[in-house]
Amino acid sequence: MSNSETLFNEAKTLLPGGVSSPVRAIKPYPFYVKSAKGAVLTTVEDTNLVDCCLGYGPLLLGHANSVIKAAISSQLDNGWLYGTPTELEIDLAKRICGDHPSMDMLRFVSTGTEATMAALRLARGFTGKTDIVKVEGGFHGAHDAVLIAAGSGATTHGTPDSAGVLPDFAAHTRQVPYNDPEALEELLSKNDNIAAFIIEPVMGNIGPILPDDGYLKAVREITAAHDVLLIFDEVITGYRLGIGGAQVKFDIRPDLTTLGKIAGGGLPIGVFGGRREILEMISPAGPVYNAGTFNANPATMAAGIAMNKYLHMHEDIYAKLDERTRQIEEAVSSKASGTFVRMGSMFKYFFRSSAPRNYTEAKQCDTDAFRRFWEKALSAGVFLPPSQFETNFLSTAHGESEMTKLVQVYSQC
Ligand SMILES: *Cc1c(COP(=O)(O)O)cnc(C)c1O
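Cut-offs applied
- Residues numbered from 1 in each chain as written.
- Predicted model: local features only at pLDDT ≥ 70, side-chain atom pairs only at ≥ 80, totals over all residues.
- Heavy atoms only, no water.
- UniProt positions renumbered as here; feature names shortened; annotations may be inferred.
- Pairing = 2+ DSSP bridges.
- Helix = DSSP H or I, 4+ residues; strand = E, 2+ residues; numbered from the N terminus.
- Near = heavy atom within 4 Å.
- Polar contact = N/O pair within 3.5 Å; in protein donor to acceptor, adjacent residues only side chain to side chain.
- Areas by Shrake-Rupley, 256 points an atom, 1.4 Å probe, with all protein chains shown as cover.
- Nonpolar A, V, L, I, M, F, W, Y, C, P; charged D, E, K, R; others polar.
- Buried < 20%, exposed > 50% of the residue type's maximum accessible area, 1.4 Å probe, protein only.
- Phe/Tyr/Trp six-rings, centres within 6.5 Å; stacked < 30°, edge-to-face > 60°.
- Lys NZ or Arg CZ within 6 Å of the ring centre and 35° of its normal.

The name recorded for the protein in an unreviewed UniProt entry is Glutamate-1-semialdehyde 2,1-aminomutase, from Methanocorpusculum vombati. Per UniProt, the protein carries the Pathway (unreviewed entry) text "Porphyrin-containing compound metabolism; protoporphyrin-IX biosynthesis; 5-aminolevulinate from L-glutamyl-tRNA(Glu): step 2/2." Note on the protein: under the UniProt heading Catalytic activity (unreviewed entry), the record states "(S)-4-amino-5-oxopentanoate = 5-aminolevulinate".

Enquirer: Any chance you could explain the sheet that holds strand β1 (residues 33-37) here in plain terms?
Expert: Think of a sheet as strands paired side by side through backbone hydrogen bonds, with each pair either parallel or antiparallel. Reading across the sheet, the four strands line up as β1-β2-β3-β13 and stay open at both edges, with mixed pairing between neighbours. Edge positions in the sheet fall to β1 and β13 (382-383), since each of these pairs with one other strand and no more. Direction of pairing for strand β2 (residues 40-43) relative to strand β3 (residues 48-51): antiparallel, over a ladder of three bridges. When the bridges of β3 are listed, Leu-41 appears paired with Leu-49.

Enquirer: What is the right way to look at the site of the ligand in this model?
Expert: All residues adjacent to the ligand are Thr-111, Gly-112, Thr-113, Phe-139, His-140, Gly-141, Glu-200, Asn-205, Asp-233, Val-235, Ile-236 and Lys-261. Thr-113 is positioned such that a nitrogen or oxygen atom in its side chain is 2.7 Å from an oxygen atom of the ligand. One nitrogen or oxygen atom from the side chain of Asp-233 is found 2.7 Å from a nitrogen atom belonging to the ligand. For the ligand, whose unbound accessible area comes to 380 Å², protein coverage reaches 83%. Of the residues in the shell around the ligand, the class split is three nonpolar, six polar and three charged.

Enquirer: Teacher, can you tell me more about the pairing of strand β9 (residues 256-259) here?
Expert: Regular strands place side chains that alternate from one sheet face to the opposite one. Burial of the side chains of β9 extends over both faces: Leu-256 and Thr-258 are buried on one face and Thr-257 and Leu-259 on the other. Strand direction decides the pairing type here: strand β8 (residues 229-233) and β9, joined by three bridges, are parallel. Bridging across to β9, Asp-233 finds its partner in Thr-258. Across four bridges, the pairing between β9 and strand β10 (residues 270-274) is antiparallel. Bridge pairing links Leu-256 to Gly-274 in β10.

Enquirer: Explain the packing of aromatic side chains to me, please; I cannot follow it from the model alone.
Expert: Describing an aromatic ring pair means giving the distance of the ring centres and the angle of the ring planes. Applying the stated criterion across every chain yields a total of ten aromatic pairs. With 6.2 Å between their ring centres and 55° between their planes, Tyr-349 and Phe-373 make a pair best called tilted. You can see Tyr-349 sitting in strand β12 (residues 346-350) and its partner Phe-373 sitting in helix α13 (residues 367-379), a full 24 residues away along the chain. Assigned by exposure class, Tyr-349 and Phe-373 land together as buried. Arranged with centres 6.4 Å apart and planes meeting at 75°, the rings of Phe-351 and Phe-370 form a pair that is edge-to-face. You can see Phe-351 sitting in the loop between β12 and α12 (359-362) and its partner Phe-370 sitting in helix α13, a full 19 residues away along the chain. Using a relative accessible area of 5% as the deciding quantity, one classes Phe-370 as buried. Pairwise contacts between aromatic rings join Phe-340, Phe-347, Tyr-349, Phe-351, Phe-370, Phe-373 and Tyr-410 into one cluster. In this structure, Lys-363 packs its charged tip against the face of Phe-389, placed 4.1 Å from the ring centre.

What follows is the structure, given as structure tokens:
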């Protein structure tokens, strides 16, 4: 039988840091999974863990969901890559545009990273302007324009947050704090070279951090007044907060939207879409280049369609999931020193006396206390994302027994 520690030692000789994505490098070594079903991961040591990480978001219906699996399997019988258009991509595009009033057209890519990279290029191509603004601590994938160090503030030009990102390029990315419309207004009023403002409407990668009342409306008004495109990065919130994501929940129409994660039913996907006049700038309709061997691949399209159909037939799952995170919230002791934050099926316990409103406040959390809690949860059989700054998720597969375990774990924080 394999064992996680041995596997990790071998992996370190082949994969940098032993892993294929940095967040997976749990110390001292990650557990290796051999299978997953419903809300439960099974490790190579045959340990069962209630999964609140869910692949970092895509698995709204849990692991190996039978409906999604059937759709993928029947597509596999017909092949899984053609290099030609398919009817499937029309079907899924129609569904996604129908779910998002801000989207007339879209392009399928393979990851959320590609989606935000392409959306930012498109914003530059459409407006003819050079710079972009992001939210401090906002995560939009692993490409150069968004790997910008935190703490550079609204008035300065961005500096790289990774070796290999050119300072010249990073300087074209500015940052403002979340929940601070004044900082955005000030930045945009002093610069007429801003193409777009990209924002996770509900911050998921250091959160959830929730928008103050009126914040997203203010962001829409300020960007419109300055002729700056508003990009909602809904790679997490899309189909997570409900059908139509944050833009429907908060009734905002961004100019461009990026999706990923749930939209592909758990297979790799990215989507960027928006107003027709903007999307028609994309190649081959227009001069902004985008292409991909795996764009709109048939297996992902089939999984995405199955997910979409399921959600439209069972829209009540969102209220049920919200009720389940409320149950966890209630379990947190009133004497606890931290703060429980939730929205729908996104939740987190922050080791801080009040809910963080932005990146600076999130960074004040007691990460040592988080680490102790995380380890306690794991030994009780619950896998939470291994960072104070990654949102937890629930799926429809989290049933009574999993909820009992979660309530027990959270009653001890
Ligand atoms: C996960 C994520 C991305 C990147 O998506 P990948 O598919 O991992 O490239 C981009 N934006 C947000 C908000 C995300 O949560």
